[in-house]
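# Close look at the chain arrangement
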Amino acid sequence: MPTATAAAITTRTDAEILEIERAELIPLYAKRDIALVRGEGSYLFDAAGRRYLDAMSNYGVASLGHAHPRFTAALTDQLNQLTTGHQSFGNDVRAELLTEIATIAPEALSRSFLSNSGAEAVEAALKFAQAFTGKRGLIAARRGYHGRTLGALSATADKKYREPFEPLPIPSTHVAWNSPEALEAAIDDGTAAIVLEPIQGEGGIHVADPAYLAAVREIATNNNLVLIVDEIQSGFRTGAPFASVAMGTVPDIVVTAKALANGFPIGLTLVTEEISASLPSGAHGSTFGGNPLAARAAVETLRIYREDGLYEHAATLGAEVVSRIEALQNPGIRDVRGRGLMIGIELKQKSTPVLRGLQERGVLALPAGSTVIRLLAPLIWERRQVDELMIALADVLS
Ligand SMILES: Cc1ncc(COP(=O)(O)O)c(C=O)c1O
């Protein structure tokens, strides 16, 4: 009989943990100087036991906070049932997830492809658009971010990520944000798809004008292009499952990931029946995609969002955060913007020292671009957490 006792994880200090990671990992990330080892609700703890207010959900994924009892119970139950299950077999939990997805997806997006990350959801969308149109080219937005695998990177705008790998596999043009004219002018005979975020996340929290999305929808339809909307970061935290749909635009493909399963790795590419029907069997696949453990994580997360009213809560609390930051009337703040709990504070200075100051005051937030502080709080935040954020923010900006 296998033993039921797991081997303990060695106890190390923050410095020791970081030293091992610095020595052993390929140094691709600018590391912050704490190690996060535990989470509870809206708080994270480092190895020294110091508590931090989580205003970032680990890049927008842990939307139910940490160690959410109902989420933990569901995953524990699933671990005792079945964890892996290839899609060449059926699975009860995957079927349940597809039923849940059908309740949040716009009616026209009736087919799902399940994968394991945001970039994978984008890769699938790009392949599907190419297969459907028989063309290869993309139009994406300046400042847009869609991931760093080679296909997704073709859509991502930032030169810093692109240049070492050029020429990238998909011909792409990056056009001005919020300008239907610029987008229309970039269409040529090789264009297969338009790829946009409804709210640019990494690019600095820029919310699309609903009229812009509607115009893009019309341009895509008139030119037989596939409109792919990337809701990987905006999904679930802006007051609705999908910000684009809430703003009145139904794309041909929606991709999402991050908050779909409260941080459990998953990717979802939602497409129309017509696109789905154009794909030959074997056009795409994933060993881990749609596995029962990830599916259970997503099922429970989507149920909690709905049953606990977290879409509405994100909208209300997010509006309160924005108005309280505006009320600070701090001369160091250039702009505050966002939708729901996807909020950017644009500063008149670089964000790094302010983020460091927040961390020293026990608050973890993120950068977006060089001057924007990005807040992606868990949707379970209450006014108490907003109060804590405001105290730290006012202090660090004073
Ligand atoms: C809008 C958007 N698209 C795609 C991605 C890539 O997702 P992942 O990091 O899971 O590959 C991200 C990640 O930040 C994102 O914000």
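Note that the structure is predicted; figures quoted are calculated from it, not measured. Think of each chain on its own: its residues are numbered from 1, step by step along the sequence as written. Confidence filtering applies because this is a predicted model: local features only for residues at pLDDT of at least 70, side-chain atom pairs given and counted only at 80 or more, and all residues used for totals across whole chains, interfaces and linings.

Okay, the sheet that holds strand β10 (residues 226-230) next. By this definition, two strands are paired if DSSP reports at least two bridges between them. Secondary structure follows DSSP: runs of H or I at least 4 residues long count as helices, runs of E at least 2 residues long count as strands, and numbering of each begins at the N terminus. Within the open sheet, the seven strands sit side by side as β4-β12-β11-β10-β7-β5-β6. Their pairing is mixed. A strand with exactly one partner marks an edge of an open sheet, and here the two such strands are β4 (111-115) and β6 (172-175). The sheet shows a mean angle of 20° between the axes of neighbouring strands, taken without regard to direction. Note: strand β7 (residues 191-196) against β10, four bridges, orientation parallel. For every element, the axis is a line fit to its C-alpha atoms; helices are fit only across the contacting stretch, and the angle between N-to-C directions ranges from 0 to 180 degrees.

A few words now on the site of the ligand. Proximity of a residue to a molecule or strand is defined by its backbone-placed C-beta atom lying within 6 Å of that partner. Neighbouring residues of the ligand: 14 residues in total, closest G118, A119, G147, I232 and Q233. The leading source of residues in the shell around the ligand is helix α5 (residues 118-133), at three residues. Residues that form the shell around the ligand fall into these classes: five nonpolar, six polar and three charged. The nonpolar class holds Ala, Val, Leu, Ile, Met, Phe, Trp, Tyr, Cys and Pro. Asp, Glu, Lys and Arg form the charged class, and all remaining residues, Gly among them, are polar.

Here the focus is the nonpolar core. Side chains that are nonpolar tend, in soluble globular proteins, to be buried together. Defined on buried residues, the nonpolar core groups Ala, Val, Leu, Ile, Met, Phe, Trp, Tyr and Cys residues joined through C-beta atoms within 7 Å. Partly exposed residues are those whose C-beta has more than 12 but fewer than 20 other C-beta atoms within 10 Å; with 20 or more the residue is buried, with 12 or fewer it is exposed, and the C-beta atoms are placed from the backbone. One finds I194, I228 and I253 to be the most contacted residues of the largest nonpolar core, which totals 114 residues. Placing a C-beta atom from the backbone of each residue, one calls two residues in contact when those atoms lie within 7 Å. Residue contacts for I194: discarding those within four places in its chain leaves I139, L183, V216, A220, L225, L227 and I228.

This part takes up the domain arrangement of the protein chain. Boundaries between domains were set according to an automatic or database domain assignment. Domain annotation of the protein chain identifies domain 1 (73-307) and domain 2 (309-329 + 384-393). Between domain 1 and domain 2, the C-alpha centre-to-centre distance is 28 Å. Partitioned by chemical class, the residues of the side of domain 1 that touches domain 2 number three nonpolar, two polar and one charged.

On to helix α4 (residues 92-104), then. The periodicity of an α-helix, 3.6 residues per turn, causes residues three or four places apart in sequence to face the same way. The span one expects for a helix is its residue count, reduced by one, times 1.5 Å. The first and last C-alpha atoms of α4 sit 19 Å apart over 13 residues, in line with the 18 Å expected at 1.5 Å per residue. By the burial criterion, the buried members of α4 are V93, R94, L97, I101 and I104. One side of α4 holds all its buried residues, which, seen down the axis, span an arc of 95°. Exposed residues on α4 whose side chains face more than 90 degrees from its buried face are A95, T99 and T103. The elements touched by buried residues of α4 are α3 (69-79), β4, β12 (267-271) and α12 (292-307). Directions drawn from the helix axis to the C-beta atoms are what define this arc.

This next bit is on the packing of helix α13 (residues 310-328) against helix α15 (residues 383-397). Contact geometry for α13 and α15: axes closest at 11 Å, N-to-C directions at 25°. Put simply, α13 runs roughly parallel to α15. Where α13 crosses over α15, the two elements pack in a sense that is right-handed. Touching L317, E320, V321, R324, I325 and L328 of α13 are V386, M390, L393 and A394, all from α15. In these notes the angle categories are as follows: under 35 degrees is roughly parallel, over 145 is roughly antiparallel, 65 to 115 is roughly perpendicular, and the rest is oblique. Handedness of a crossing is defined here by the sense of rotation of the near helix relative to the far one, left-handed for an anticlockwise turn of less than a right angle and right-handed for a clockwise turn.

If you trace the four strands from one edge of the open sheet to the other, you get β1-β2-β3-β15, paired in mixed fashion. Where the open sheet ends on each side, the last strands, each with one partner, are β1 (36-40) and β15 (363-364). As paired strands, strand β3 (residues 51-54) and β15 are joined by two bridges and run parallel to one another. Counted as the bridge partner of D54 is L364 from β15.

Right, let's get into unusual backbone geometry. Omega for the bond connecting E166 with P167 falls within 30 degrees of zero, at 0°, which places this linkage in the cis form. Its place among the elements puts P167 in the loop between α7 (159-162) and β6. Positive phi, close to 45°, is recorded for Q329, a residue that is not glycine. Its place among the elements puts Q329 in the loop between α13 and β13 (333-339). Overall, Q329 belongs to the exposed group, with 7 C-beta atoms counted inside 10 Å.

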